[in-house]
Amino acid sequence: MNEKYENIEKWLNYQESPWAKMSYELTEHVLRKHIKGSHLSVLDIGGGNGQESLWLAKEGANVTILDISQNMLNDAHKKYEENGLEDNILTSKVDLSKGFNLNKKYDIIFIHNLFSYLDNVDQLLQQAHYHLATNGILSIMHINRYSEIFPPMIFENDLDKAYEKIDAKRTKIDLFEDTEVYRYIADEMIKKLEKYNFDKIEKYGIMSMCHLIKDNEIKFDKEYYEKLKKLELRLMQEYPYYEIARFNQIIARKKLVEINVS
Ligand SMILES: C[S@@+](CC[C@H](N)C(=O)[O-])C[C@H]1O[C@@H](n2cnc3c(N)ncnc32)[C@H](O)[C@@H]1O
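Rules behind the numbers
Residues numbered from 1 in each chain as written. Predicted model: local features only at pLDDT ≥ 70, side-chain atom pairs only at ≥ 80, totals over all residues. Buried ≥ 20, exposed ≤ 12 C-beta atoms within 10 Å, placed from the backbone. Helix = DSSP H or I, 4+ residues; strand = E, 2+ residues; numbered from the N terminus. Pairing = 2+ DSSP bridges. Right-handed = clockwise from strand over helix to strand, strands pointing away. Axes fitted to C-alpha atoms, helices over the stretch in contact; angles between N-to-C directions. Contact = placed C-beta atoms within 7 Å.

**Observations concerning the pairing of strand 1 (residues 41–45)**
Next up, step 1: When you tally the buried positions in strand 1, you get 4 out of 5 residues, the bulk of the element.
Next up, step 2: Of the strand pairs in this sheet, strand 1 and strand 2 (residues 62–67) are connected by 5 bridges, and their pairing is parallel. Counted as the bridge partner of Leu-43 is Thr-64 from strand 2.
Next up, step 3: In this view, the connection linking strand 1 to its parallel neighbour strand 2 by way of helix 3 (residues 51–58) has right-handed handedness.
Next up, step 4: Both strand 1 and strand 4 (residues 106–112) contribute to a ladder of 3 bridges, which runs parallel.

Okay, here's the thing in structure tokens:
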């Protein structure tokens, strides 16, 4: 098993930042538009320490998290216990690069911020489709390749690096040790979703502006944060802003099979 995801200090620090908080709040906002009902079953693929699904568990959902990192899964259990939700969480340590198979269908499946680390995207989308209940919804979230040009320009004044980022489908990050990750654009994902029998596909920008603001300190100011959030909410489906957002979130529904009765 890959040990590099066991060191979760940087990840936990990132989750404390206003920009991480913003991305979780915007993602929840999108999901609330699409999710109906209570006591739902949620499968969080590459769900890490369970932050994405916690709000659903608070509203009665049962959550299953698959992840390769035991420390992430332990932290998820801790978080759920602190909220009195220990009966709402199941976790399984799985290397998703080999796919997965569970004997259950789910109302909601998340694949959030996982595809950067894996090259079997097609396999996981097909398996997500198989594990979705009728009318179930899939939520994908990924860093948007179109946004990669901005950090070297805004934070480093490095135009050569910015130029290289235009077509770069791989990049190095140090969130979990030194890892080379994949970068996608939403339309590549949407094509795959159509191929694997998803429909009612909607695309959102998660943080169209936040990553373009150089002053990170100001994002800790409550009033500034709320105004920025209002702006982000307004832009998440407004063309062309979502095309340059830091993340794209894509919601898709399992396509119903039409039965020809004649
Ligand atoms: C950036 S974190 C995202 C966590 C969570 N989805 C979220 O958005 O809060 C990426 C997660 O992918 C997991 N991961 C990376 N490679 C994996 C693999 N081969 N199998 C299972 N999980 C993996 C890591 O352990 C980590 O928890």
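Read on, since the account is not over.
**As for helix 3**
Next up, step 1: Most of helix 3 is tucked away: 6 of the 8 residues are buried.
Next up, step 2: Those residues of helix 3 that fall on the buried side of the exposure criterion are Gln-51, Glu-52, Ser-53, Leu-54, Leu-56 and Ala-57.
Next up, step 3: Note on helix 3: the residue one or two positions beyond its end, Gly-60, has a positive phi of about 105°.

**Observations concerning the sheet that holds strand 1**
Next up, step 1: Spatial ordering of the open sheet is given by 3-2-1-4-5-9-8, a layout of 7 strands whose pairing is mixed. The strands lining the two open edges of the sheet, one partner per strand, are strand 3 (89–93) and strand 8 (198–206). Going from strand to strand, the sheet's axes swing by 15° on average, the running direction of each strand aside.
Next up, step 2: Here helix 5 (residues 121–131) sits on the sheet and contacts strand 1, strand 4, strand 5 (132–143), strand 8 and strand 9 (247–254); the angle it forms with strand 4, its principal contact strand, is near 160°.

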